[in-house]
Protein chains: 2
Amino acid sequence: MANPIDFYFDFSSPYGYLASTRIEAIAAKRERSVVWRPILLGAAFKITGGQPLPTIPLKGSYAAHDLARSARLLGAPFKLPSKFPIAATAPSRAFYWIQDRDPALAKQVAQALYRSYFAEDRDISNPEVTGNVAAKLGVDKGELAQALNDPAVKERLRNEVDAAIERGVFGSPYIVVDGEPFWGSDRLDQVDRWLESGGW
Amino acid sequence: MANPIDFYFDFSSPYGYLASTRIEAIAAKRERSVVWRPILLGAAFKITGGQPLPTIPLKGSYAAHDLARSARLLGAPFKLPSKFPIAATAPSRAFYWIQDRDPALAKQVAQALYRSYFAEDRDISNPEVTGNVAAKLGVDKGELAQALNDPAVKERLRNEVDAAIERGVFGSPYIVVDGEPFWGSDRLDQVDRWLESGGW
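(A) Structural context of the overall build of chain A. Tallying secondary structure elements over chain A gives 10 helices and 4 strands in all. Reading chain A from its N end, one meets helices and strands in the order β-α-α-β-α-α-α-α-α-α-α-β-β-α. Here chain A has a C-alpha radius of gyration of 16 Å; the compact-globule value for 200 residues is 16 Å, and the two agree. When the backbone C-alpha atoms are referred to their principal axes, chain A occupies close to 50 × 45 × 35 Å. Buried residues in chain A amount to 52% of all 200 residues. Long-range pairs, those at least 24 residues apart, make up 73% of the contacts in chain A with a sequence separation of at least 6. Surface accessibility of chain A: about 8,600 Å² in total, with carbon and sulfur atoms responsible for 49%. Counting 24 positive and 24 negative side-chain charges, chain A places the centres of these two groups 4 Å from one another.

Right, here's the structure in full:
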């Protein structure tokens, strides 16, 4: 069995959302699986001096335009959320807690969370909203609410973020194929070719 | 005759160089012409807080890897210059001075300057080097050396940079097709589709 693809993303990252609508299909073509790895980019931004793209002068208005245009091209529903960016702590903790119980369900929840935020303008930084999205897919809302404040779950997310930064992850999406890193949703065509050819 | 495509770039920008190897072929397919517009990104970086990508922690080493990989995919010769970034004043002034005399020659000189810097590691920020590159294509080296210090030529470049920033240009490459802006060499496939379809 070939190595799985690592898909790092921040739930607050619109280009991460765009990539999330394509990554599984690209991997499936080459019979690869994808490990979804939500992270909190704030820690990496402290190192790179980065800022969320849509908040930067000039670049910000371009990014809003580019995101809408790229989403249309992909056929992905998209609306820049009225609250942006957000701290993605609640959805990220929820993801890992669910993943430890049911990995396939965790991906479905991640996709639903991303859609809620970037297509339906629901503030998933609110633990209540994250809980509602997960509950619709069968997650026990009460148990999840407790998990979001569980020190072990908090540490789980911290460890994932630390490991990602240790590995050099500094943006979202950030995809690793057989050790080869690709940053940005605009590198998915290269990811596709890399999977096809094994590199160039 | 359809509108020409505006191709903004900084001679110090490696992704601008990659785009320069593709832009004419993409335009020619749709019978469009390209207006090359070298600028100095430093002025825009003051507004956006931007820095040359390869100088940023984490992102820098990724960018060096990504550039080499993208260049291989395009079949473009590439070597990150030993002196990087540079102030692209001399090659940019040279370009506009030549363009006012012979637009087709100016493009050839621009392509040769980019190749000299990003494939042959020659420091084109040195007016002598820029002069030698242009002279090989038939430009009078003595006249060019004088032009690089001519207040009118200096002002010509300043005006071009001001007009670009006024228009919202903040990066390199930055391509405008019928009023539609595209930032980054990774948007050239979208530029291609936009030219084909008139938008989406």
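And the narrative resumes.
(B) Looking closely at the interface of chain A and chain B. At the interface, 30 residues of chain A touch 30 residues of chain B. Each partner contributes to the roughly 2,900 Å² buried at the junction of chain A and chain B, and carbon and sulfur atoms together form 59% of this total. Summed over the shared surface of chain A and chain B, the result is 6 salt bridges. A salt bridge links arginine 69 of chain B to glutamate 180 of chain A; its shortest N-O distance comes to 2.8 Å.

(C) Local environment of the sheet that holds strand E3 (residues 174-177) of chain B. All names here are of chain B. Reading across from one edge, E2-E1-E3-E4 is the order of the 4 strands in this open sheet, with mixed pairing throughout. Across the chains shown, the open sheet's two edge strands, defined by having one partner strand only, are strand E2 (34-38) and strand E4 (180-183). Ignoring strand direction, the axes of neighbouring strands in this sheet form an average angle of 20°. Two elements, strand E1 (residues 5-9) and E3, share 3 bridges in a ladder whose sense is antiparallel. Along E3, the bridge assignment pairs aspartate 6 with valine 176.

(D) Fine view of the layout of surface pockets. Taken as a whole, the second largest pocket spans an internal volume of roughly 720 Å³. What lines the second largest pocket is a set of 28 residues, among which Asp186, Arg187 and Asp189 of chain A together with Asp186 and Asp189 of chain B lie closest to the centre. The set of elements that each furnish at least two residues to the lining of the second largest pocket consists of helix H1 (14-20), helix H4 (59-74) and helix H10 (188-197) of chain A together with helix H1 (14-20), helix H4 (59-74) and helix H10 (188-197) of chain B.

(E) Main features of the side chain of serine 92 of chain A. All names here are of chain A. You can see serine 92 is positioned in helix H5 (residues 89-99). A polar atom in the side chain of serine 92 sits 2.6 Å from the backbone oxygen of alanine 88. Among all residues touching serine 92, those that are not within four sequence positions of it are Phe11, Pro38, Ile39, Leu40 and Leu157.

(F) Spotlight on the pairing of strand E1 (residues 5-9) of chain A. All names here are of chain A. For E1, a buried count of 5 out of 5 residues is recorded, marking the element as mostly surrounded by other parts of the structure. Burial along E1 is two-sided: Ile5, Phe7 and Phe9 facing one way and Asp6 and Tyr8 facing the other are all buried. In terms of strand pairing, E1 meets strand E2 (residues 34-38) through 5 bridges, oriented parallel. Residue aspartate 6 lies in a different strand from E2, and its bridge partner there is valine 35.

(G) Looking closely at the relation of the copies chain A and chain B. Once turned by 180° and shifted 0.0 Å along the axis, chain A lies on chain B with an RMSD of 0.0 Å. Between the two chains, the operation in question is that of a two-fold axis. For chain A, the residue whose C-alpha comes nearest the rotation axis is aspartate 186 of chain A, separated from it by 3.1 Å. Taken together, the interface assignments show that 100% of the residues at the interface of chain A recur at the interface of chain B, consistent with an identical surface on both copies.

(H) Structural context of the nonpolar core. Counting 66 residues, the largest nonpolar core has Phe11 and Ile175 of chain B as its most contacted members. No other element matches helix H6 (residues 103-118) of chain B, which puts 9 residues into this core. Residues Tyr114, Leu144, Ala147 and Val153 of chain A belong to the second largest nonpolar core, which totals 64 residues.

The rules we used
Residues numbered from 1 in each chain as written. Chains lettered and ligands numbered in written order. Predicted model: local features only at pLDDT ≥ 70, side-chain atom pairs only at ≥ 80, totals over all residues. Heavy atoms only, no water. Helix = DSSP H or I, 4+ residues; strand = E, 2+ residues; numbered from the N terminus. Rg over C-alpha atoms; globule rule 2.2 N^0.38 Å. Buried < 20%, exposed > 50% of the residue type's maximum accessible area, 1.4 Å probe, protein only. Contact = heavy atoms within 4.5 Å. Areas by Shrake-Rupley, 256 points an atom, 1.4 Å probe, with all protein chains shown as cover. Lys, Arg positive; Asp, Glu negative; His and termini not counted. Charge placed at Lys NZ, Arg CZ, Asp CG, Glu CD. Buried area = accessible area lost by both parts, 1.4 Å probe. Salt bridge = Lys/Arg side-chain N within 4 Å of Asp/Glu carboxyl O. Pairing = 2+ DSSP bridges. Axes fitted to C-alpha atoms, helices over the stretch in contact; angles between N-to-C directions. 1 Å grid on protein atoms, 1.4 Å probe; cavity = no way out; pocket = protein on both sides within 12 Å on 5 of 7 lines; lining within 4 Å. Points joined across faces, edges and corners; volume = space filled by probe spheres on them. Polar contact = N/O pair within 3.5 Å; in protein donor to acceptor, adjacent residues only side chain to side chain. Least-squares fit on C-alpha atoms with pLDDT ≥ 70 in both. Core = buried A, V, L, I, M, F, W, Y, C linked by side-chain atoms within 4.5 Å.

In short, geometric facts, not functional conclusions.
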